[in-house]
Structures are given as structure tokens and as C-alpha cells.
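Descriptive analysis of the structure
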Amino acid sequence: MKDILRDSTVGQFLNYVSKGRILPYADQRADYVVPSRYLLTGSNVVDVGASTPNSDRTLSTNPTADAVTLVDAAGVAAKNTADLEKGDQLAEAKLNNLPAVVEDPYLVTWEGPNDPDNPRNWSKNKRVFVGFLISFLTFSVYIGSAIYTSAIPSLMADFGVSQTKATWGLTLFVLAYGIGPMFLAPIQEMAAFGRNPAYIGGLFLFVLFQVPAIFAKNISTILAFRFLAGFVGSPALATGGASMGDIFPPMAMPYAIGTWAIGAVCGPVLGPAIGGFAAQANGWRWPFYILLWISGFALILLSLFLPETLDATILLRRAQRLRKLTGNPHLRSQSEIDAAEGQTLLQVAMHNFVMAFRLSVEPAIGFANVYIGLIYAIFYLWFEAFPLVFTDVYHFNLGLSGLPFLGFVVSGAITFFFYVIYNKVHMEPRYMKNADIQPEVRLELAIVASIFIPISLFLFGWSSKASVHWIVPIIGAALYLPGIYLNFQSILMYLAMGYPTQAVPIFAGNDLFRSTIASFFPLFGRAFFDHLGLGGGSSLLAGLSILMIPVLYALMKFGARLRARSKWTN
């Protein structure tokens with residue numbers, strides 16, 4: 001528990017202001033023995049009895065028998081083991097007539113394969129707990145999109161605006177968390193920042209921006225802060241999966257990403273159910289109050305318990321502490337070495353933005369952006385279709401009209417259970433037999449899952465009649481969840497495996513494209529269904545999704561050839 005507190009945002013602050021006295025790292029404790037390879041050699045050696053910089057401690061003059069220290073005997077400088085290793089590497093290179101490649105003797109790395117600070121070495125319970133926190137963070141932000149829909153009727157009445165203008169609050173929020181990662185995701189890949197500043201800083205601003213929205217005197221203020229809230233909350237939606245990758249091994253990634261996605265799914269579907277009764281009883285401000293409470297609780301919880309997971313950031317901070325401790329200015333982490341010839345933050349952000357569009361020209365990536373954008377957009381049309389069905393046809397009140405969304409939770413739980421079994425029974429044995437299996441195998445499940453989408457739309461659209469029990473359209477809508485969930489998992493896993501070196505711009509670009517497409521669908525959702533009818537409108541959407549299935553099948557069959565021609569796969 002202490003290491004979780006130490007590595008959290010609050011713990012890092014306390015450690016910094018106390019100069020390592022509160023929640024200290026191993027290298028900040030009095031009994032820490034500095035590995036000899038981190039110490040200056042020859043004439044630059046630190047005196048054994050001398051005080052180390054910024055510390056009241058001294059390097060031990062009486063080490064244990066197996067300790068690796070600066071000296072072997074008082075006043076006699078020990079030969080750095082790195083020098084011996086360097087000589088061995090040069091001799092081996094000369095013997096084999098190869099160019100000499102010598103590891104930097106002052107490179108700060110993990111202290112062996114079992115270093116407890118390495119996120120991959122954390123205990124199972126700690127990794128599961130951190131995974132839960134990341135999923136809860138995603139839920140806390142994602143619920144902000146759909147909880148707003150329950151406030152729309154009251155906003156229309158109080159401010160005298162049309163439904164289309166009131167719906168812009170949903171559109172701008174979804175659009176903003178598509179744009180945000182293009183600029184904020186690169187920050188989380190830089191060792192100098194890491195994951196947590198964008199997570200915690202963004203969540204703090206997300207909570208703060210709810211206050212002016214709650215006390216807004218006009219619709220324009222609400223719309224402005226809805227966009228800002230979506231923008232600053234977007235890192236959780238774009239890089240939550242990357243955080244899971246920091247702490248879980250590759251074989252566990254399908255389960256980790258699947259668990260994280262549960263938070264992403266539960267946010268939008270629970271929003272109307274939670275906000276509906278509050279808006280019905282107390283008006284449009286109360287859904288905002290609920291969002292403030294949920295995100296505020298998440299801010300406190302994560303500030304106290306969410307540790308940094310990016311390994312490059314952890315090693316950079318270790319290098320900074322060791323430089324202070326040893327007085328050796330040559331100690332550097334790999335990220336610091338890379339940064340010496342690297343890009344600025346603005347350059348990285350612009351590179352990410354440009355690469356997202358350049359990569360979208362790739363057939364596989366372009367299709368993934370369009371297809372996921374379509375099914376994501378249809379998902380957001382449910383927020384317009386449900387009031388038409390359950391309020392106008394079945395005469396549910398505002399509070400009750402949000403409860404049909406719980407059908408997605410039920411089907412989501414069943415889908416996740418199936419996904420775990422599928423990976424355990426079907427995919428893992430295939431990878432055990434052939435570790436170099438083609439990424440296209442991930443699309444097999446996507447093809448099966450795609451069948452659920454038109455079935456769901458047909459059943460929902462044509463059963464939404466007063467003569468048919470309300471449970472039937474709920475079941476029809478719930479069948480959409482396996483389609484969107486399994487397609488997301490399969491296609492995004494395929495892209496990550498097929499283009500491993502371009503995962504960050506690919507995912508940021510996919511988030512941008514799908515959010516942009518989905519954000520505008522609710523604006524014409526009511527007019528769409530009013531003109532075509534629930535059955536006709538649903539059938540049109542189902543037809544579009546059916547046309548995508550052969551393209552998805554072709555990608556599975558010929559994707560390997562397309563990737564072989566791409567310059568981005570290596």
C-alpha cells in the first residue's frame with residue numbers, strides 16, 4: 001500500500017516537498033547501497049566518507065559481504081564493473097570483426113528482472129487494482145456524454161431553445177474528446193510527463209468546468225464548458241488502453257483492454273439511467289451535479305492511489321534521484337538520452353496530428369476508421385431513438401425512459417464473459433502453437449460480431465409499436481452491444497498488432513474520426529427517425545452495416561498482403 005501512495009500524485013508531491021523523507025524510495029533510505037556502476041571512477045570518484053548531495057546520509061564504509069559499493073576497502077577506489085564489461089564487449093567485437101557497440105555504463109535501468117518498481121513486476125492484486133482505477137477514470141469521464149441527454153428537455157424549457165441547439169451540448173462534448181487526444185496523448189508518451197499529469201490534471205479541470213455549467217445563465221455558457229470538459233477529460237478515453245499495456249503482459253492484454261472497455265461502455269449507458277430521475281425531479285442542473293460528484297470522487301481517489309505506470313518516466317525519476325545521491329552527472333535514463341536528439345512537445349503533437357491523417361490512407365486503417373465510426377455513430381443515435389420509443393410510444397416518464405439503457409449493461413456483462421472464454425479457449429492455444437500468427441486472425445470475431453448490428457437494428461426498429469411489449473425493443477437494442485464491443489476489441493487489437501510502431505497516432509486518429517462522425521449524428525437523429533420512421537430509419541442503418549461485412553471479410557483475407565506493401569508496418 002505504501003508504494004501505491006508513494007507513486008500517486010499526492011505521494012509524489014509529499015515526497016518532493018519533504019526531500020524524500022516522506023514515502024521514500026529505496027534509494028532515498030539511509031540503508032541504500034549504491035551500485036558501483038552508478039559511481040564515478042578514477043579521479044572523479046566520490047570520497048567514501050563524504051556527504052552525498054542533498055542528503056544527510058553517507059555512503060556505507062562497512063558494506064555487507066555481497067554488497068556492490070564504491071570501494072572494496074577504505075580509501076581504495078574499486079574498479080567499476082562497468083569498465084570490465086566494457087572491455088569484454090570491445091574484445092568480443094574485435095574477435096568477431098564486428099563494430100563495437102558498448103552499453104552506456106551510466107545508463108539507469110531496472111535493477112534486475114525482478115525490480116519491484118517495474119510495473120510489469122507489480123503483484124497481481126496491485127495490477128488489478130490499478131486497472132480498476134483506470135477503468136473507473138474512464139467511466140467517470142465517459143458518463144458525462146450521455147448523462148447530459150436527460151437534461152435536454154429541461155434546458156429547452158428554461159432557455160427557450162430548440163432540441164437541435166440543446167443537443168449541441170452532447171455533440172460538442174463527444175467532438176472534444178475526439179480532438180483532445182491529438183494534442184494530449186503525445187504528452188503522456190513523453191517520459192518527462194508520464195501518464196498521470198494528463199490524467200489527474202485533466203480530471204481536475206473536468207471537475208472544475210462543471211461548476212460554471214451548473215450556474216450558467218444561458219445555453220451558450222453550457223455549450224462552451226461542455227466542449228472544454230470533453231477536451232480535458234479525453235486522455236482517459238484515448239490512452240487508458242496504453243496504461244493497461246504498461247502493467248499487463250502481452251498475453252493478458254485482451255483481458256485488460258476488455259475490462260477497461262467495460263468502463264467505457266458503462267459510462268454512456270448508465271448516464272441516462274442515473275440522470276433521468278434527477279432531471280425529472282429537480283431540472284437540468286441536477287445531472288450536472290451528479291457528474292460533478294462522480295468525477296470529484298474519482299479525482300480524490302485517483303490522486304491518492306493511481307501510481308505512475310509509464311516505465312520511461314519511472315526510470316527518469318530514478319536517474320534524477322541517483323544524480324543527486326551520487327553527484328554523478330553522467331547518470332541518465334534511456335528517455336533522457338533519446339530526448340537529447342528528440343522533438344519538442346509541439347513537434348510531437350503536430351507529428352501525431354499529421355500522421356493520423358497520413359495513416360488513414362492505408363486501406364486497413366481507413367476502413368477501421370470508417371467502420372468503427374459508423375457503428376459508434378449508430379450507438380449515439382440510440383440516445384435520440386430511445387425517447388421516441390419509450391416516451392412517445394410507451395409513455396415512460398423522463399426517469400423511466402433512461403432505464404431501458406440498462407439492457408446494454410446486461411448484454412455487456414454476457415459479452416465480456418464470452419470474450420474472456422473466447423480468448424482463453426480459442427486464441428491463446430493458437431498463439432502457443434504459433435507465436436507469429438497473422439494479426440488478421442483477430443478479425444474473425446469481428447465478422448461474427450458484425451451480424452449482431454443489423455439484427456439489433458431490425459428488431460428494435462420494427463418492434464417499437466404500442467401493440468408490442470416494451471421488452472422486445474429493449475432486447476433488440478441490447479443486442480447491439482455485442483456488435484460494438486467485440487468489433488472494437490477485435491479491430492483495435494488488429495491495428496495494434498499489424499502496425500505496432502504506429503499505435504499511438506493510429507489510436508488517436510481513430511478516436512478523432514469516430515468521435516467526429518458520432519458527434520454529429522444526434523443532431524439529425526430525431527429528424528431522421530421522424531421522416532423515415534423507426535422501422536425505415538433502422539433498416540437504412542442496418543443496410544449500411546450489412547454492406548460493411550464483406551469489406552471486413554476481404555480485409556481479413558487480404559490484409560496481410562496490404563500490410564506487406566505498407567511502409568508503416570516496419
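Residues numbered from 1 in each chain as written. Predicted model: local features only at pLDDT ≥ 70, side-chain atom pairs only at ≥ 80, totals over all residues. Heavy atoms only, no water.

1. Some points on the packing of helix α10 (residues 253-282) against helix α15 (residues 363-393)
Quick note on the threshold: Orientation is described by axes fitted as lines to C-alpha atoms, over the contacting stretch for helices, and by angles from 0 to 180 degrees between their N-to-C directions. Elements are defined by DSSP. Helices are runs of H or I of four residues or more, strands are runs of E of two residues or more, and each kind is numbered from the N terminus. Reported orientations rely on four angle classes, namely roughly parallel under 35 degrees, roughly antiparallel over 145, roughly perpendicular from 65 to 115, and oblique for the rest. Contacts: residue pairs with any heavy atoms within 4.5 Å of one another. Here the nonpolar group is Ala, Val, Leu, Ile, Met, Phe, Trp, Tyr, Cys and Pro; Asp, Glu, Lys and Arg are the charged ones; every other residue, Gly included, is treated as polar.
One way to put it is that α10 packs onto α15 with a least axis distance of 12 Å and a crossing angle of 5°. Classified by the angle their axes make, α10 and α15 are roughly parallel. Here α10 contributes P268, V269 and P272 to the contact with α15, which in turn contributes F379, Y380 and F383. For the contact of α10 with α15, the per-class residue count stands at 6 nonpolar, no polar and no charged.

2. Re the pattern of salt bridges
The condition that has to hold: One side-chain nitrogen of Lys or Arg within 4 Å of one carboxyl oxygen of Asp or Glu is enough to make a salt bridge. Per-residue accessibility, obtained with a 1.4 Å probe over protein chains only, is compared with the maximum for each type, and a residue is labelled buried under 20%, exposed over 50%, and partly exposed between these values.
Applying the stated criterion across every chain, the model contains 15 salt bridges. A salt bridge links D27 to R321; its shortest N-O distance comes to 2.8 Å. Taken together, the residues D27 in the loop between α2 (9-17) and β1 (71-73) and R321 in helix α12 (residues 311-326) connect sequence positions 294 residues apart. Across the pair, R321 and D27 agree in class, each one buried. Residue D392 is joined to R526 by a salt bridge in which the shortest nitrogen-to-oxygen separation is 4.0 Å. Here D392 is found in helix α15, whereas its partner R526 is found in helix α21 (residues 503-565), with 134 residues between them in sequence.

3. As for the nonpolar core
The condition is simple: Only buried residues count toward a nonpolar core. Its members are Ala, Val, Leu, Ile, Met, Phe, Trp, Tyr and Cys residues joined through side-chain atoms within 4.5 Å.
Membership of the largest hydrophobic core comes to 132 residues, with the highest contact counts inside it found for Y148, Y380, W382, F408, Y480, I491 and L495. It is α15 that contributes the most residues to this core, 21 residues altogether. Those residues in contact with Y380 that sit more than four places away from it in its chain are Y142, S145, L170, V174, Y177, P268, A518 and P522.

4. Some details on the packing of aromatic side chains
Defined as follows: Think of it this way: a Phe, Tyr or Trp ring, Trp meaning its six-membered ring, pairs with another when their centres are within 6.5 Å, and the plane angle makes it stacked under 30 degrees, edge-to-face over 60, tilted otherwise. Whether a charge sits over a ring comes down to the Lys NZ or Arg CZ being within 6 Å of the ring centre and within 35 degrees of the ring normal.
Under the defined criterion, the tally for this structure stands at 42 aromatic pairs. Aromatic side chains F209 and F225 sit 5.7 Å apart centroid to centroid with 55° between the ring planes, which places their arrangement in the tilted category. Of this pair, F209 sits in helix α7 (residues 196-214) while F225 is found in helix α8 (residues 219-232), placing the two residues 16 residues apart along the sequence. You can call F209 buried: its relative accessible area is 16%. K126 extends its terminal NZ or CZ atom over the ring of W122, reaching a point 4.1 Å from the ring centre. Above the plane of the ring of Y25 lies R321, whose end atom (NZ or CZ) is 3.7 Å from the centre.

5. Some points on the environment of S490
Topologically, S490 is positioned in helix α20 (residues 480-498). Considered as a pair, S490 and E440 are 50 residues apart in the sequence and their alpha carbons are 9.4 Å apart. Contact partners of S490, with chain neighbours within four places excluded, come to R442, L443, L445 and A446.

6. Observations regarding unusual backbone geometry
Positive phi outside glycine occurs at K19, with the angle close to 55°. With a phi angle near 50°, L23 is a residue other than glycine that sits in the positive phi range. Inspection of the secondary structure puts L23 in the loop between α2 and β1.

7. Concerning the environment of I475
Within the secondary structure layout, I475 lies in helix α19 (residues 471-478). Distance in space between the C-alpha atoms of I475 and F460 is 7.7 Å, their sequence separation being 15 residues.

8. Quick notes on the packing of helix α6 (residues 163-188) against α8
Filter applied, for reference: Working rule for handedness: look at the near helix, and if it is turned counterclockwise from the far one by less than a right angle, call the crossing left-handed; if clockwise, right-handed.
Closest axis-to-axis distance for the α6/α8 pair is 6 Å, and the angle between their directions is 30°. Classified by the angle between their axes, α6 and α8 sit roughly parallel to one another. Crossing of α6 against α8: the hand is right-handed. Two secondary-structure elements touch here, α6 through K165, W168, G169, L170, L172, F173, A176, Y177, I179, G180, F183 and L184 and α8 through I219, L223, R226, F227, A229, G230, F231 and V232. Looking at side-chain class alone, the contact of α6 with α8 contains 15 nonpolar, 3 polar and 2 charged residues.

9. Focus: helix α5 (residues 152-159)
Here is the rule: To be clear, the arc concerns the directions from the helix axis to the C-beta atoms.
Within the span of α5, buried status applies to I152, S154 and L155. Taken end-on, α5 shows its buried residues confined to a sector of 160°, consistent with a single buried face. Where α5 is buried, its residues meet α6 and α8. Just downstream of α5, G160 is the residue with a positive phi angle, here 60°.

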